[in-house]
Amino acid sequence: MRYRQLTTGTLALGVLLLIDVLRVWLPGIITIFGQAASTPAELMGAFALGWFVLALGAPAVVRRVGARPVTVVAAVALAVARLTLTAAPGGRTQLWVATAGLLAGLVWLVGVAADTDRPVPGLALGFAVNAAMHAVLDTVDLVWRGDWVAWLLSVVAVTVFLVGTAQPGQRGGTDAARTGTVDGPDGPAEARGGPGGGRAWLVAGPALLLAAMVALSPALARTGMSYLVGDGVARSPLFGLAPVPVAVAGFLGAALTRPPRGWGRAYGPAALLSGAVLFALDRGDLLLPAILLAAVGLGACLALTDDSGDDTSDHASDAADASASRRGYAAAAGMLVFALGAVGYYSAYDLGYPNAAVPVVVAVLVAAVAFTARPVAHRRPGPFPPLRATAAVTSLALLAPVLADEVPVASNREGPPQRLTVVAYNIRMGFGLDGRFDLTGLAEVVERQRPDVVLLSEVDRAWLLNGGHDTLDLLADRLGMPYVFGPAADPVWGDAVLSRWPVRDPRSVPLAAVGAPTGAQALAVTLDLGDGVRTAVVSTHLQPPPGTGPVVQARAVADFAIRYAAGRPLVVGGDLNTEPGDEAFTEFTRAGLVDALAAARPLATSPADDPRQQIDHIFVSPQLTPTDPVAPRSTASDHLPVAVTVTLPPR
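Keep in mind it's a predicted model, so treat the numbers as computed, not measured.

## Examining unusual backbone geometry
- Look at the link from R601 to P602: it is a cis peptide, with omega at -5°.
- By the element assignment, P602 lies in the loop between β12 (594-595) and β13 (616-620).
- For R428, which is not glycine, the phi torsion reads 45° and is therefore positive.
- Along the chain, R428 falls in the loop between β4 (419-426) and α19 (439-447).

## Let's talk about the packing of aromatic side chains
- If you walk through the whole model with that rule in mind, you get 21 aromatic pairs.
- Here the aromatic rings of F47 and W96 are separated by 5.9 Å at their centres, their planes lie at 80°, and the arrangement is edge-to-face. Here W96 lies in helix α5 (residues 91-114) and F47 lies in helix α2 (residues 41-54), a separation of 49 residues in the sequence.
- Three or more aromatic residues joined by ring pairs make a cluster, and in this case those are W25, F33, F47, W51, F52, W96 and F338.

## Considerations on the environment of G253
- Here G253 shows up in helix α12 (residues 243-256).
- The exposure class of G253 is partly exposed, given its relative accessible area of 24%.
- As for G253 and T390, which are separated by 137 residues in sequence, their C-alpha atoms are 5.9 Å apart.

## Structural notes on the packing of helix α4 (residues 67-86) against helix α8 (residues 148-166)
- Viewed as axis vectors pointing N to C, α4 and α8 meet at an angle of 175°, and their least axial separation amounts to 10 Å. In terms of orientation, α4 and α8 fall into the roughly antiparallel class. On the side of α4, the interface is formed by R68, T71, V72, A75, V76, L78, A79, R82, L83 and T86, while α8 contributes W151, S154, V155, V158, F161, L162, T165 and A166.

## Considerations on the sheet that holds strand β8 (residues 503-511)
- Here we have six strands laid out as an open sheet, ordered β8-β9-β10-β11-β13-β12, and mixed in their pairing. The strands lining the two open edges of the sheet, one partner per strand, are β8 and β12.
- As defined by bridge partners, β12 adjoins β13 across two bridges and the pair is classed as antiparallel. Directly across from V594, in β13, lies its bridge partner V620.

## Section: helix α6 (residues 120-136)
- Helix length check: α6, at 17 residues, gives a terminal C-alpha distance of 24 Å against a target of 24 Å (1.5 Å per residue), a fit within 8%.
- The buried fraction of α6 amounts to 15 of the 17 residues, a majority that puts the element mostly inside the structure.
- Just past α6, the residue D138 takes up positive phi, approximately 65°.

Quick notes on the rules
Residues numbered from 1 in each chain as written. Predicted model: local features only at pLDDT ≥ 70, side-chain atom pairs only at ≥ 80, totals over all residues. Heavy atoms only, no water. Helix = DSSP H or I, 4+ residues; strand = E, 2+ residues; numbered from the N terminus. Phe/Tyr/Trp six-rings, centres within 6.5 Å; stacked < 30°, edge-to-face > 60°. Buried < 20%, exposed > 50% of the residue type's maximum accessible area, 1.4 Å probe, protein only. Axes fitted to C-alpha atoms, helices over the stretch in contact; angles between N-to-C directions. Parallel < 35°, antiparallel > 145°, perpendicular 65-115°, else oblique. Contact = heavy atoms within 4.5 Å. Pairing = 2+ DSSP bridges. Expected span 1.5 Å × (residues − 1).

Here it is, written out as structure tokens:
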């Protein structure tokens, strides 16, 4: 392999490993450091930002010690942390290993930046390959799989990364053919990179944020496909990952090819800003155009910052040392922007301020830096032919719709059933009490109840803060039950109904926030049980305002459910954040509904490891007879599920 191909590939692999670590570290802030929402959001934000601020000191270390020693040591630490996380240790061990891996990755990035004047090909390939692999793996990271395939792929990636880093003269992307070698006092040494690359390193962090949140998010692509019906709810889609190869091809094609001249350079910034604005509108039906516009625009903006030309003058050589320091600070500052954007966007769901401007502001920053870059008169060719590189990564992404897309199908059994088993479960984005992404634990505790219908709360479908998984689709595949999803906080966060019976007439209605920071909704569906038998089901997650109970929301859900059922049998369930006897609880009984769990009271459901609060409930209309109410023990979430079997009225 030629020098530039090896060094660019090593940079891409390092970026891929850093993203893997981030997908463990970011959820750990909430699920481990946050201690089930008991830690103030401000403290969690300070913890998150502190490590990125600390990395701002890395350029000074590089300047004093040298780029190569720092890069090699940091690469080894990143690799060790990544392999340790593959063992999924859980708990505080997992958090601190991920934190060490994050800091090592940031220092490694700064070290590579000091000697790399043309990082765009490596950065773009790292972003694109990570997205393609995440799609092929059905949005479940290798870290959380733990099987021999996960270990094999992780070891191969880490080994190749370390071998590439250890190569003599390794500089992460500098063109040896251009810089050649120079004779120093200790013999031949590889020359530093040229004076360029500062803009590309500055936008690396913001570009990573936009890629992971919007442009190259497989989970967001699938969620966008699930909204195609256009009735305000999302359903299990066919070929939900089909947009991923299109986005990857558009991104890489734009990033690796020469940008147009003149005002044609504006197409990338314009597309990126358009995609960010569509994403910020929080509409499920706009997610697909947001993804595709952002992907092409982000790639084109990276291409505009790829300012390494054929300048081999003495002046360029003299400026290289000063430029190396600037590149290091640019890389560290760009990653700090990543952290500020991520913390600023997602902490809004705890603190209650508007966050729609965050992706737009980050996109404006990237677009401005890119558009104001000086065009290069004679651009050196990249390390890989653009068309072949794009085709190769796109081919990998094309495997995702074939290998990872599964669509469970509900069908009527013979005749209407006499009974239905209902499970209501707050799944905390798929993360257990130990901070591990535990789909297996969630699926096992639900499957043991042999449910006909499952009501889910705290369903996350693409939040970068939670690792960028489509938790709903993954759980639906494991249970073999198609879903209907109702958006609450935004199009990728809300509640869901999974059913073994066909679902008709889904409706989602927003609930008044009444001071609560996170949005809430009520999702109603009608189960078609055959021979004209219908049962209404409503899934919700009430969000109480500070210091009081969710009385207003409870009243709204009860009224909506009664109207929707229109006299048919009715089931209402979810995390209602109210206890028996509270005013909000009585809103449901006042509406004529029956506490289906009454026979097992007290039935505490939270916290899962030491349940003390009875806040997860199922209510039924008087036509239904509830039996066998249980709250099976599990630590796959911070809540216990509740389950009950209801007998349908005789026909």
